[in-house]
Amino acid sequence: MRLIALTVSFLLFAAVGATANSSTPQSIKWRDLVPKLPPLVDPLANVGPEQRIELESVLWVRQLTKEERETYPEAVEEAEKYEREFLAKGFSVDKLIKDYAAWSAEQTRRQSKVRGDLDDKIVRLDGYLLPIEFSEEGVKDFLLVPYVGACIHVPAPPPNQIVFVRFKSKVKVTELYMAARLTGRMRTKASKRALSFVDGTADIPVGYELDVTKYDKIEEG
């Protein structure tokens, strides 16, 4: 009987310990939101800077209409010369274009991939809070981004580098990008969030969501 009691006590202790550990925040960095995948080989890795410019010229000419080609005969002639030079150096322009398009598409696909193992985890992450919309009473919904200017002054980061965060109570917006350390339950849920601007709104692709349980403002400078 004593052995059974000790076994039950041990199992209860282990269960309590597991519960405690599951609620302990896991400190993560922005790089931790990106899944580890095999590296991609740039198909233009062996193409020099000048040749890249020449390839862009070829691409530009190929996209011209018949009327436009007649308007820019010198550009057409130059592009044809570049194609011959590429072929003489052992490069097929058609293959380079095809491979680069596939590489670019895979890059875009990877930027939307998230860490499935972070779903339902309690995490702690530093970043900058960008309000979805403004209100004098405060707001509950924000985008958490890795740097100042994201989504407004510069192009939006990849979806797996944006977290939609929701507070239980409203937070006063004191500046456009508020540095913060957030703790909460992470959800790996792809979505789009409408970000309000002075002249309209924009749909921002988001890879993660976070229900905030603890908020600490970071004083910078």
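Relevant structure appears above.
Notes on the structure follow. (Residues numbered from 1 in each chain as written. Predicted model: local features only at pLDDT ≥ 70, side-chain atom pairs only at ≥ 80, totals over all residues. Heavy atoms only, no water.)

1. Quick notes on the overall build of the protein chain
Item 1. When its secondary structure is counted, the protein chain shows five helices and eight strands.
Item 2. Reading the protein chain from its N terminus to its C terminus gives the helix and strand order α-β-α-α-α-α-β-β-β-β-β-β-β.
Item 3. Long-range pairs, those at least 24 residues apart, make up 72% of the contacts in the protein chain with a sequence separation of at least 6. (Helix = DSSP H or I, 4+ residues; strand = E, 2+ residues; numbered from the N terminus. Contact = heavy atoms within 4.5 Å.)

2. Some points on a negative patch on the surface
Item 1. Judged by side-chain charge, Glu74, Glu77, Glu78 and Glu80 come together as a negatively charged surface patch.
Item 2. Residue placement: Glu77 occurs in helix 4 (residues 73–88). (Patch = residues over 30% accessible without salt bridge, like charges linked within 9 Å, V, L, I, M, F, W, Y side chains within 5 Å. Areas by Shrake-Rupley, 256 points an atom, 1.4 Å probe, with all protein chains shown as cover. Salt bridge = Lys/Arg side-chain N within 4 Å of Asp/Glu carboxyl O. Lys, Arg positive; Asp, Glu negative; His and termini not counted. Charge placed at Lys NZ, Arg CZ, Asp CG, Glu CD.)

3. Brief notes about the pattern of salt bridges
Item 1. Per the counting criterion, the structure on display carries 14 salt bridges.
Item 2. The closest approach of N and O atoms between Arg181 and Asp126, which form a salt bridge, is 2.7 Å. In this pair, Arg181 sits in strand 5 (residues 178–187) while Asp126 sits in strand 2 (residues 122–131), placing the two residues 55 residues apart along the sequence.
Item 3. For Arg181, a relative accessible area of 36% puts it in the partly exposed group.
Item 4. Through salt bridges with shared partners, one network takes in Arg62, Glu83 and Asp94. (Buried < 20%, exposed > 50% of the residue type's maximum accessible area, 1.4 Å probe, protein only.)

4. Some thoughts on unusual backbone geometry
Item 1. Unusually for a residue other than glycine, Asp120 sits at a positive phi of about 70°.
Item 2. The class for Asp120 is partly exposed, based on a relative accessible area of 39%.

5. Re the nonpolar core
It is characteristic of soluble globular proteins that their nonpolar side chains tend to be buried jointly.
Item 1. Grouped together as the largest cluster of nonpolar side chains are 21 residues, with contacts concentrated most on Leu33, Leu129, Val163, Val165 and Leu182.
Item 2. For this core, the secondary-structure elements that each account for two or more residues are strand 2, strand 3 (139–145), strand 4 (163–171), strand 5 and strand 8 (208–217).
Item 3. The residues contacting Val163, other than those within four sequence positions of it, are Trp30, Leu33, Leu125, Phe142, Leu143, Leu144, Val206, Tyr208, Glu209 and Leu210.
Item 4. In this structure, Leu143, Val145, Ile162 and Leu195 belong to the second largest nonpolar core, which totals 14 residues. (Core = buried A, V, L, I, M, F, W, Y, C linked by side-chain atoms within 4.5 Å.)

6. Overview of the packing of helix 2 (residues 49–62) against helix 4
A pair of packed helices is captured by two measures, namely the crossing angle of their axes and the spacing between those axes.
Item 1. Close contact between helix 2 and helix 4 brings their axes to 9 Å; oriented N to C, the two are set at 125°. By the angle between their directions, the pair helix 2 and helix 4 is classed as oblique. As helix 2 runs across helix 4, the sense of the crossing is left-handed. Counted together, Gln51, Glu54, Leu55, Ser57, Val58, Trp60, Val61 and Arg62 of helix 2 and Ala75, Val76, Ala79, Tyr82, Glu83, Glu85 and Phe86 of helix 4 form the full contact between these two elements.
Item 2. Tallied by class, the residues present in the contact of helix 2 with helix 4 amount to nine nonpolar, two polar and four charged. (Axes fitted to C-alpha atoms, helices over the stretch in contact; angles between N-to-C directions. Parallel < 35°, antiparallel > 145°, perpendicular 65-115°, else oblique. Left-handed = near helix turned anticlockwise from the far one by under 90°. Nonpolar A, V, L, I, M, F, W, Y, C, P; charged D, E, K, R; others polar.)

7. Some words on helix 2
Item 1. Its 14 residues place the ends of helix 2 20 Å apart at the C-alpha level, agreeing with the 20 Å of an ideal helix rising 1.5 Å per residue.
Item 2. For helix 2, the set of buried residues is Gln51, Glu54, Leu55, Val58 and Val61. Along the long axis of helix 2, the arc covered by the buried residues comes to 120°, so they all point the same way. Looking at helix 2, the residues exposed on the side facing more than 90 degrees away from the buried face are Pro49, Ile53 and Glu56. (Expected span 1.5 Å × (residues − 1). Arc of directions from axis to C-beta.)

8. Some thoughts on the environment of Ser27
Item 1. Position of Ser27 relative to the elements: it lies in strand 1 (residues 26–27).
Item 2. By relative accessible area, which is 52% here, Ser27 ends up exposed.
Item 3. As for Ser27 and Asp126, which are separated by 99 residues in sequence, their C-alpha atoms are 9.0 Å apart.
Item 4. Here Arg124 takes part through its side chain, which lies 2.8 Å from a polar atom of the side chain of Ser27. (Polar contact = N/O pair within 3.5 Å; in protein donor to acceptor, adjacent residues only side chain to side chain.)

9. Observations concerning the packing of aromatic side chains
Item 1. One pass over the structure, following the stated rule, counts five aromatic pairs.
Item 2. Relative to Phe91, the ring of Phe86 has its centre 6.3 Å away and its plane inclined at 80°; by these criteria the two rings are edge-to-face.
Item 3. Taken together, the ring pairs connect Phe142, Phe167 and Tyr215 into an aromatic cluster.
Item 4. Residue placement shows Arg193 over the ring face of Phe164; its charged tip is 3.8 Å from the ring centre. (Phe/Tyr/Trp six-rings, centres within 6.5 Å; stacked < 30°, edge-to-face > 60°. Lys NZ or Arg CZ within 6 Å of the ring centre and 35° of its normal.)

10. So, the environment of Gln111
Item 1. The residue Gln111 is located in helix 5 (residues 93–111) in this model.
Item 2. Gln111 sits in the partly exposed class, given a relative accessible area of 36%.
Item 3. Each C-alpha atom, one on Gln111 and one on Gly207, is 9.1 Å from the other, the two residues being 96 residues apart in sequence.
Item 4. Setting aside its immediate chain neighbours within four residues, Gln111 contacts Pro158, Pro159 and Asn160.

Geometric descriptors of this kind do not, in isolation, establish any biological role.
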